[in-house]
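Residue-level structure breakdown
Letter by letter, the chains look like this.
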Amino acid sequence: HIYNESLNELISSGCVVPLPSRSIVQSNDNIVLFKAHASKKKAWSKVAIRAIEPINFAIVDLSHPMQGRRQDTICSEAAVLDTVPYSRVFYHAHPGAIISHRGTKYKVVSMMRPPAFAPESFSYRRSLNLASFAKPTNARYTTRPLSTMQITVIKQLMRVDFPPGEKNSTCSAQSLSNG
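This section reports on the structure supplied with the text. (Residues numbered from 1 in each chain as written. Predicted model: local features only at pLDDT ≥ 70, side-chain atom pairs only at ≥ 80, totals over all residues. Heavy atoms only, no water.)

1. Description of the overall build of the protein
Using the following cut-off: Helix numbers and strand numbers start at the N terminus; a helix is a DSSP run of H or I with at least 4 residues, a strand a run of E with at least 2. Burial classification: accessible surface area is computed with a 1.4 Å probe over protein chains only, and a residue below 20% of its type maximum counts as buried, one above 50% as exposed, and the rest as partly exposed. Contacts between residues were defined by any pair of non-hydrogen atoms, one from each residue, lying within 4.5 Å. Calculation of accessible area relied on Shrake-Rupley with a 1.4 Å probe; when residues are assessed, cover is drawn exclusively from the protein chains displayed.
The number of helices and strands found in the protein is 2 helices and 8 strands. For the protein, the α and β elements follow one another from N to C terminus as α-β-β-β-β-α-β-β-β-β. Taken over 179 residues, the protein has a buried fraction of 26%. Considering only contacts in the protein between residues 6 or more positions apart, those separated by 24 or more positions represent 64%. A total of about 13,100 Å² of accessible surface is found on the protein, and carbon and sulfur atoms cover 52% of it.

Here it is, written out as structure tokens:
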């Protein structure tokens, strides 16, 4: 349901367009492929594939001139180093954590408290963005995650072959039989 809602939002805003049906090679399912609209240059660079959860934490650089060392809000998107899903923030960007971003180490000094309940205006169409605030540090270490997970694919349930030249322009595939 969340996927369909997001896809419909992208279609209505003109961000994605369906590929011609001839682009699908040998498929028994009714599948519609979408690609970024031609006007959306480098669309892949604007999507954080790791951040698909509705609640995300931005890691904000307190030393950025436009942030002004404020720890109560995100003053400028330019100060955002990265985005971490809610499910990982307490392992990765908690207060006291030493993280590395593009070769620079940062110490997380504070984080915004998530709401006890989702606000009434909350929708899966828009994510609720909170922040962890970090400042550069000279620490010689980084904190490590509590655990790591390795995923091994043991069975492939479906495969769609793309014609040459279509692989890089395709953003998503939706099986209409799934709704």
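2. Some details on the pairing of strand β6 (residues 104-111)
Walk down a regular strand and you will see the side chains alternate between the two sheet faces. To be explicit about the condition: Following DSSP output, two strands are said to pair if at least two bridges run between them.
Pairing geometry for strand β5 (residues 98-101) and β6, over 4 bridges, is antiparallel. Paired with Ser100 across the strands is Lys105, a residue of β6. A loop of 2 residues connects β5 with β6, the two strands running antiparallel in sequence, and Arg102 in this loop sits at a positive phi of about 50°.

3. What to know about the pattern of salt bridges
Short version of the rule: Salt bridges are identified by distance alone: a Lys or Arg side-chain nitrogen within 4 Å of an Asp or Glu carboxyl oxygen.
Within this structure, the stated rule accounts for 1 salt bridge. A salt bridge links Arg70 to Asp72, with the nearest nitrogen and oxygen atoms 2.8 Å apart. Given a relative accessible area of 40%, Arg70 falls into the partly exposed group.

4. Some thoughts on helix α1 (residues 2-12)
Using the following cut-off: In this context, the arc is that of the directions from the helix axis out to the C-beta atoms.
Along α1, the residues classified as buried are Asn4, Glu5 and Leu7. For α1, the angular spread of buried residues about the axis comes to 165°, placing them on one side. A positive backbone phi angle near 80° is found at Gly14, which sits one or two residues after α1.

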